[in-house]
Amino acid sequence: MLSKALLVMKITTFFLLIGVLQVSARGFGQDKLNLSFKNAEISGILINIEKQTHYRFLYNDQLRGIKRKVSIHVENAGIREALDYLFAQTELTYRFMANGLIVINEDINRQAVEKKVTGKVTDQNGSPLSGVTVTVKGTAKATITNEQGVFNISVENDDILVFSYVGFEPQELKVGDNTQISISLVSAAANLENVVVIGYGTVKKRDLTGAVVSLKGDEVKKVPAGNVMESVQGKVAGVDITRTSGGAGSSVNVTVRGNRSIIAQNTPLFIVDGIQYSNFQDINPNDIQSMEVLKDAASTAIYGSRGANGVIIITTKRGASGKIRVGANAYYGVTDDTGYPVPMNGQQYANLKREANRTAGTWKSSADDAGIFKADLAAVQNGVSTYWPGLLLKKGSQQDYGVNVAAGSEKTKVFFSFDYFKEKGLLANDYSSRYTLRLNIDQTIVGTFKVGLQSQLTWYDENRRTDNVLTVANKVIPYYTPYATDGSLIKFPGNANQINPLLEELPGTFVNKTNTTRILSSAYAEWKPFSSLTLRSNLGITNGSSRNGLFNGENSINRSTSTGSSAKVTNATQTDLIWENIITWQKKLADHSVDVTAVTSYISNKQDSSYAQGTGQLVPGQSFYALLNNPSNLAIWSNYIGSNLLSGAFRINYGYKGKYLLTVTGRADGSSVLTKDNRWSFFPSAAVAWRVIDEDFMASQHLLSDLKIRASYGIAGNAAVKPYSTNTGLILIPFSWNDQTMQAYGFDPQNGNRNLKWELTGTQNIGIDFGLLKNRISGSVDYYDSKTHDLLLLRPVPTSSGHARVVENVGKTRNNGIEVSLRSVNIQTKQLTWTTGLTYTRNKERITDLVNGINDIASGLFIGSPVKSFYDFQKRGIWQTADSTAAKSFGYKPGDIRVADLSGSKGEPDGKIDANYDRTIVGSAVPKYTIGFSNDVTFGNFDLNVYVFARIGQTFVSDYANKFEPNAIENGAAVNYWTPENPSNDYPRPNINVSRASLPFATTLGYKDGSFVKIRNITLGYTLPKTLTQKIHISSLRWYVSAKNYFTFSKVKDYDPEGEGSFERPLTKLIVTGLNLEF
Amino acid sequence: MKRNIHVHAILLWLLTVVVAGASCNKKLNEINPSGLTSDVAYSNAKGFETLVNAAYTYTRFWYGKEEGYSVSEMGTDIWTNGSGDVYTQLTRYDNLQGSNTSALNLLWDNFYAGVFLCNTGISKIAGIPDYTAAQKATREGELRYLRAFYYWHIVETWGGVHFTTKPADGVETTANRTPVDTFYKQIFEDLQFAIKNLPDKTSDYGRATIPVAKAFLARMYLTRGMNEQAIAMANDVISNYGYTLLAKFGDLWNMGNIKNKEVIWAIDYSTNLTNNDLTSSAYPTGHSRGSNNGHLMFLQVYDQVNTSILTRDINNGRPFNRYMPALSLLNMFNESDDSRYQSSFQTVWYCNKAARAVGNTFIKDSFDYKVGDTVCYASKNTLNAADMNAKRYTTYDISRVYGSNGIPTQRKFYVSLKKFKDSTRASAAEAQSARDVFVMRLAEMYLIAAEAEFKIGKLDSAAYYLNLIRKRAAIPGHEAAMQISSTDVTLDFILDERARELCGEQLRWFDLKRTNKLVDRIKALNPDAAKYVQSYQTVRPIPQTQIDAVTNKTEFTQNQGYQ
């Protein structure tokens, strides 16, 4: 027996020597095998392998397994894969020796109790998954699938195998009698589509009873933007997102289902990994796993006094056991303004001045130019013209670089990331850099007890320009030049009153530097004593601290009318502490399923801030770093605000046969900002849903693939009562005796109100979710009606009482509307897919009651109109010469603005223009409807996204259109004004004796239709083929080019109406290119 | 067994949560370390001092402020609007309504806030444990003086509007209409209390003292036609408290001599501007310009006369071009005898930037100008056109400013009141001046006495008091020419004399109202306002915000004549 073995060895050695000579040229390990045998002896198959490759086998042919008959079918397989497969049904093992020699032996230890299991792991589409961790549950025994997704492992029949892989749902499988296993894992993303995060828990999408929109990570980062909310603009029906400033690092306004509140903010509650965190701009979009928007009160009532403005839940990515995944992203882009109106040039301005003087009789022809232009005559005659805003507006840039790592073992899972984002604004020295670090850890301690930590650190380094630099640039007389003959900047060009706005671009002239650090960190402990019960405790701490240093040099705009420089440093810190305990109990009994959640919550919020300032320091270069060197106007200030909220909440989800669903929610909130009597409030809600598609009678039809009807009603609050509003405070009044500073305390004009309580919003919601043609078309339609009462209003009180105002719970608002979101898969072939997403939101917002049931004109609040409405005279044009008699009867003359005589003291037009009767709502800042329309096409390795956003029906006030100076005192808009020869209906006649302030009805010039349609995003991406990327050990590499906000269609020329009319910080468009990389 | 452990563990967990939760309940008590409430702050002497200090601060919204000038000097016979005026409603009565005149809101709101604070203090002072009886008397005297002072402005400006001596408790949404007599009854009562309890001197310049209260009482007596009392009280102040008229009228306006023997009571704006009332993030309810703004309001835009050779500087001031003299005011002065014309008005502006330029903008010939050369001259007389054109500087005589009807033909270049100019400001652009505002000075006492004597028919005595004022006002050597006799004394003469002495000092509107001359003299002397003024306009419209805010709208109504 031994001799025979020796013989085989010898022969093999001989062949080996030859083999080495043969194969050295082609190298090892590249042989690919094709084996196809049915019921063949293993020894025979081994010979076949030796024929196909350079490998040689060495074994004792007395081994039991070597004669076993097996079937095998592998194509283009590696040697290890083939052998694994071949030996899986035996006790045989193999070992690679030098030079392609493979020694085969028998595993004596295992043969009695264990068996070998081999298998292949694929994804849903059947592609092999390499790097999947296969663990024997409860043991340390584990293996990893190879490049072909094949694994083998020794197990007992009772063992359970756990398959885990980053980005996929872990799966368990009992081995049983199987020796060959093929299993496909479900991607976590795909599975998450069916799981929706709701307050304090998750629910399967099919079981959802409220109006909740769920967006996945890919969707929230499609549009390159500094913050996630900007990226998802228009993608969530019912959420209105606008960016009104193009300044570096500027955020967006977010409202869910309209404005309910008047003095309170209407921004929704943001929950990040279970912790309330309003600074969504801190979050690296690449860290986001999913974002959920809770819209109806049934969904938000679990957040009680904070939920009425909607809740946006952001969940970040977590680690997973299995192969380490490394992702990297980078993009760089150039920004430019989306249009900026040009003020008058030198000639146009000179003409305005001539016309203005002509009206007053001080100019008849160019012979009078000297009299009106005086010292400027030469400049006018030279035809000099400076486009001042153009000197300030440059190109900006936006860039982002990030790396993230997801890894883990069976018990420890880690996700961490780094991101750097920088935006350079269109103005010099306007920039914002953000650094974000994240670390998420989950650790199983023992059994079903696990703990974890989410933490994020964000640091900003920002410098923002003055708020009025472009306003100044639009005023400066255009026939002046900024530079003296020696090239230096002139402080007051042409002796005018306007300071040269370019001065602030000089180093150190204007510094407004903010450094902000924010930490969002939360830890949890979770224990499942039984499979039906989960106990969880969350402790979250968010801490923000910022330092703003503001330095206005002598040549800055803000100090041009004061003496010396001014310097100021403001420090602010904010700390929230959140402790929440959550019990979840789930039980399924026959047709009944019950899911109960109970929550206790404690939230403490503390803010303090301080500043110090002074003026007139000796050396400007010390900026704001040496306040002590400021001799005058020294001032210091500090402040503290704190509040606590204590809550208990519950939710019961009940399902019968999975078809009839009921959710009942309640939350009790107790807050420190209210007095004892009003401190506690209760917020109930209920929702029902009927899964029609699951009814028997639906089984026979094939059109509908999903159908669910939902209805809910609930009450949520707005925690807008500011701390200390129940007390009447005192204010410190600066005062002195004999120039010695003295303390003086007078009453705050705002009176305290001990009866304050929460603003409450009751919302009813009816919704339908459907799918057609095997979900080729799917969507939701929701109708809602939310009524807010006990509205917090800053009510003016007669000042004869000694106070000016008080916050009271009076007034009501109502928002109702319809939301549609649709998704269709238009084409789906192997090469080409085309999907379309559409959202449509129509919200009708109006105030329904105010103090004493009457309009508050002073505050601009009108019953029946949206909160942000414009109330003014109705411009009908300009009084023309032919109508001079009619004009005169109203007290006007040709060339004046003509407004409508709408009514009078008797309720009908009375031939008088009167502020009481002739003003009306001329527009509102809220849109009638918004549409988001997104198309995704993938063709081979190319992907294309085109995304259109429309916001229709809103009005805005244009700074530019308003900038008409009839007396030509400063530069302004180039407009078509009335002259006797030019019977314009746009702008009135210039007149040297009429200032803008005294121009009748001047404010009517600014209102513009703000409707717009914009192609928000066009992205073309190309993913390198896997065959290429694998060579460089990269699993995926995508390159893309993106154009953001490049095309805007509106009725306004040269201006993006989304900016709402401001001269300052025009909105930007961006062309960007970037890479997404995965290892 | 395993199950029991689980149950125990859950119970323990729940217990921890509940216990921790219960201990949290006290967390619902509000903590406000950076805020102050009246109960805490005004509970002892030290805190109460801050209340009394604060009670003075509301005067700063009226004195030296545009809003104050607009209601006290404007809408009279002596001023009209420059092209920069923003409250032409008040200057000319052109569409004067409570809904469009924010100046009235500022004064209404703040004077009632002042009254509320005084009422609070007066009702609390008895309970301040660590005040001596004397301190209590003094401080209550000050508060009562201030309450009388505020109520006088309120009742004269708006008539019989809201009146109370008790601080409202909680939120008050109604207001009352109280007869004017009730206001004055309280004003007299408070002033008598003040005179009885105040000291006659103070080391804190600007605090109320006996002579301050007496001087104000003299004004009140005159206002209410109590002429004998007015004469007695004015004489008391003139004789007994060491006040004297400064030798030269012009010295009154010298920033270096601003705290002088003629001043009875002033709003003492601090030279440390941070002690004043400018709105800031720390003092959001302050005034948008702060300190004394009188220097801004009355100046012509000299920096637009000839930009090449005359630019804005500290000495010439920052010209807001709000108000210009009505022709009538200029005509009241005999500048050859009366020093008050040259001491009150700036008529010449000098080159502060050497250049070759068209100096006389009416003739357009270029010359070389040195610093100190005359650039602009404004005259109260009508000059010969050829003479004016022969000059190298630009002249604005009467014919180039006012039309034959007295209405200005242009409102930018004119003789400018310079009483309040302040060259100690840090820069030409600085809007805040530390100049004290004289609320009452000794000259007024003479004028009060004169007017009261006139009203009781003692023209000799009236002339006596007027001559004391006129003697001081005379250009040296012209004293005799300035003297008047009893036959010269008429009510109009007294009002003219007041204009010459006090123009710009925030009394004019009250003088005209008191003498029932408001409408007559406007119609006669101020053609801009004559077009609009109505007989009901001896009170101002109540701010519309007040009317809108009251819940008893049928009781608390707008003043008659206003919408």
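Bear in mind the structure is a predicted one, so any value in this text is a computation, not a measurement. The numbering scheme is per chain: residues are counted from 1 as the chain's sequence reads. Chains and ligands are labelled sequentially in the order written, the chains with letters from A and the ligands with numbers from 1. The model is predicted, so local features are restricted to residues of pLDDT at least 70 and side-chain atom pairs to those at 80 or more, both for listing and for counting; the totals for chains, interfaces and linings are taken over all residues. With hydrogens and water set aside, each side-chain value is computed from the structure's full complement of heavy atoms.

Draft legend 1. Focus on unusual backbone geometry. Residue and element names in this part refer to chain A. A positive phi angle, close to 55°, is found at R257, a residue other than glycine. Labels follow the DSSP assignment, with helices taken as runs of H or I lasting at least four residues and strands as runs of E lasting at least two, numbered in each case from the N terminus. Relative to the helices and strands, R257 is located in the loop between β17 (253-256) and β18 (269-272). Under the relative-accessibility criterion, R257 is labelled buried at 4%. Of note, the phi angle at N852 is positive, near 60°, even though the residue is not glycine. Looking at the element boundaries, N852 is found in the loop between β45 (832-849) and β46 (869-873). Residue classification places N852 among the partly exposed residues on the basis of a relative accessible area of 47%. When accessible area is computed with a 1.4 Å probe and restricted to protein chains, residues below 20% of their type maximum are described as buried, those above 50% as exposed, and intermediate ones as partly exposed.

Draft legend 2. Region of the structure containing the side chain of A:N1045. All names here are of chain A. Structurally, N1045 is set in strand β55 (residues 1036-1050). Using a relative accessible area of 6% as the deciding quantity, one classes N1045 as buried. The term polar contact refers here to a pair of N or O atoms within 3.5 Å; inside protein, the definition further demands a hydrogen-donor-capable atom paired with an acceptor-capable atom, and it admits residues adjacent in sequence only when both atoms are side-chain atoms. Among the polar contacts listed, one links the side chain of N1045 to the side chain of R1016, at a separation of 2.8 Å. Beyond its immediate stretch of four places on either side in the chain, N1045 contacts T338, K1014, I1015, R1016, T1068 and K1069. Note on contacts: a residue pair is in contact if any heavy atoms of the two residues lie within 4.5 Å.

Draft legend 3. Seen up close, the pairing of strand β33 (residues 680-690) of chain A. Residue and element names in this part refer to chain A. Here β33 shows a buried face lined by S681, F683, S685, A687 and A689 and an unburied face lined by W680, F682, P684, A686, V688 and W690. Only when DSSP finds a minimum of two bridges between them are two strands counted as paired. Direction of pairing for strand β32 (residues 660-671) relative to β33: antiparallel, over a ladder of eleven bridges. Each bridged residue has a counterpart across the sheet, and for L661 the counterpart in β33 is A689. Pairing of β33 with strand β34 (residues 704-718), which is carried by six bridges, proceeds in the antiparallel orientation. Among the inter-strand pairings, S685 is bridged to a residue of β34, identified as G714.

Draft legend 4. Spotlight on the pairing of strand β26 (residues 449-463) of chain A. Residue and element names in this part refer to chain A. Two strands pair when backbone bridges link them, and strand β25 (residues 431-446) and β26 are joined in this way by 15 bridges, in the antiparallel orientation. Bridging across to β26, S433 finds its partner in D461. As judged from the 15 bridges shared by β26 and strand β27 (residues 510-530), these two strands associate in the antiparallel manner. From the neighbouring strand, Q456 faces β27, where its bridge partner is L520.

Draft legend 5. Fine view of the interface of chain B and chain A. Each partner contributes residues to the interface: chain B has 82 residues there, and chain A has 82 residues. Summed over both partners, the accessible surface that disappears when two parts come together, traced with a 1.4 Å probe, is what is meant by buried area. Both sides of the chain B and chain A interface together cover about 6500 Å² of buried area, and 59% of this is carbon and sulfur. When a carboxyl oxygen of Asp or Glu lies within 4 Å of a side-chain nitrogen of Lys or Arg, that pair is called a salt bridge. Counting across the chain B and chain A interface gives zero salt bridges. Here chain B is connected to chain A by 22 residue pairs in polar contact (both at pLDDT 80 or more). Sorting the residues of the side of chain B that touches chain A by element identifies α1 (2-24), α2 (38-41), α3 (45-57), α6 (102-124) and α22 (544-549) of chain B as the ones contributing at least two each. The greatest single-element share of the side of chain B that touches chain A, amounting to ten residues, is contributed by α1(B).

Draft legend 6. How the structure looks around the packing of aromatic side chains. A pair of Phe, Tyr and Trp rings is counted when the ring centres sit within 6.5 Å of each other, with Trp represented by its six-membered ring. The angle between the planes then sorts it: under 30 degrees is stacked, over 60 is edge-to-face, the rest tilted. Evaluated as defined, the whole model comprises 70 aromatic pairs over all chains. Arranged with centres 5.0 Å apart and planes meeting at 90°, the rings of B:W108 and B:W158 form a pair that is edge-to-face. Of the two residues, B:W108 is situated in helix α6 and B:W158 in helix α7 (residues 133-158); the sequence distance between them amounts to 50 residues. With a relative accessible area of 0%, B:W108 lands in the buried category. Taking relative accessible area as the criterion, B:W158 reaches 0% and is therefore assigned buried. Two limits define a charge over a ring: the Lys NZ or Arg CZ must be within 6 Å of the ring centre, and within 35 degrees of the ring normal. Just above the ring of A:Y524 sits the side chain of A:R536; from NZ or CZ to the centre is 4.0 Å. Note that B:R400 overlies the ring of B:F362, its terminal NZ or CZ placed 3.5 Å from the centroid.

Draft legend 7. Structural detail: α7(B). All names here are of chain B. In this analysis, the expected span of each helix is defined as 1.5 Å times one less than the number of residues it contains. Given a rise of 1.5 Å per residue, 26 residues ought to cover 38 Å, and the 37 Å separating the end C-alpha atoms of α7 matches this to within 8%. The buried count for α7 comes to 22 of 26 residues, which makes it a mostly enclosed element. Looking one or two places after α7, you find G159, whose phi comes out positive at around 80°.

Draft legend 8. Main features of the pattern of salt bridges. Under the defined criterion, the tally for this structure stands at 86 salt bridges over all chains. A salt bridge links A:R206 to A:D207, with the shortest nitrogen-to-oxygen separation between them at 2.9 Å. Between B:K517 and B:D492 there is a salt bridge, and its shortest N-O distance comes to 3.4 Å. Taken together, the residues B:K517 in the loop between α19 (508-514) and α20 (518-525) and B:D492 in helix α18 (residues 491-502) connect sequence positions 25 residues apart. A relative accessible area of 18% places B:K517 in the buried class. Salt bridges sharing common partners tie together B:E262, B:D338, B:R340, B:K419, B:R441, B:R470, B:R472, B:E497, B:R500, B:E501 and B:E505.

Draft legend 9. Broad picture of the sheet that holds strand β5 (residues 348-350) of chain B. Residue and element names in this part refer to chain B. Pairing is mixed in the open sheet, where three strands are placed in the order β5-β8-β9. Two strands close off the open sheet at either side, each with one partner strand: β5 and β9 (394-396). On average, each strand axis in the sheet is tilted by 10° relative to the strand beside it, whichever way the strands run. Bridging between β5 and strand β8 (residues 374-378) involves three bridges; their strand directions are antiparallel. Each axis is a line fitted through C-alpha atoms, and for a helix only the stretch in contact is used; angles between axes span 0 to 180 degrees, taken between their N-to-C directions.

Draft legend 10. Structural context of the sheet that holds strand β43 (residues 805-809) of chain A. Residues and elements named next belong to chain A. In spatial order, the strands read β39-β43-β42; together these three strands make up an open sheet with mixed pairing. The outermost strands of the open sheet, each flanked by one partner alone, are β39 (750-751) and β42 (792-796). Across five bridges, β42 lies against β43 in antiparallel orientation. Bridge pairing links L794 to V807 in β43.

Draft legend 11. Structural context of the nonpolar core. All names here are of chain B. The definition of a nonpolar core used throughout is a set of buried Ala, Val, Leu, Ile, Met, Phe, Trp, Tyr and Cys residues joined through side-chain atoms within 4.5 Å. Counting residues in each nonpolar core, the largest one holds 126 residues, and the members touching the most others are Y145, I154, M220, I264, W265, M440 and M445. Of the residues forming this core, the biggest block, twelve residues, is contributed by α6. Discounting residues that sit within four places of it in the chain, M440 has contacts with Y145, V212, A215, F216, R219, V263, I264 and W265.

Draft legend 12. Local environment of the confidence of the model for chain B. Per-chain confidence: chain B averages 93 in pLDDT, with 96% of residues scoring 70 or above. Among the prediction metrics, the complex's ipTM stands at 0.93, with pTM recorded as 0.77. How sure the predictor is of each residue is captured by pLDDT, a score from 0 to 100.

Draft legend 13. Structural detail: the confidence of the model for chain A. Residue and element names in this part refer to chain A. Overall, the predicted model of chain A reaches an average pLDDT of 86, with 95% of residues at or above 70. Considering each helix and strand of chain A separately, the mean pLDDT is smallest for helix α1 (residues 2-23), with a value of 45, and largest for strand β36 (residues 735-737), with 96. Note on residues 5-29: pLDDT is under 50 here. Beyond four places in sequence and across chains, it has 22 contacts.

Draft legend 14. A look at the packing of helix α15 (residues 442-455) of chain B against helix α16 (residues 459-473) of chain B. Residue and element names in this part refer to chain B. Remark: α15 packs on α16, axes separated minimally by 7 Å, with the N-to-C direction vectors making an angle of 155°. When the axes of α15 and α16 are compared, the pair comes out roughly antiparallel. For the crossing formed where α15 meets α16, the hand is left-handed. Facing α15, whose interface residues are A443, Y446, L447, A449, A450, E453 and F454, α16 presents L459, S461, A462, Y465, L466, L468, I469 and R472. Ten residue types, Ala, Val, Leu, Ile, Met, Phe, Trp, Tyr, Cys and Pro, are classed as nonpolar, four, Asp, Glu, Lys and Arg, as charged, and the remainder, Gly among them, as polar. Counted by class, the contact of α15 with α16 contains twelve nonpolar, one polar and two charged residues. Roughly parallel covers angles under 35 degrees, roughly antiparallel covers those over 145, roughly perpendicular covers 65 to 115, and oblique covers all other angles. When the near helix sits turned anticlockwise from the far one by under a right angle, the crossing is termed left-handed; a clockwise turn instead gives a right-handed crossing.

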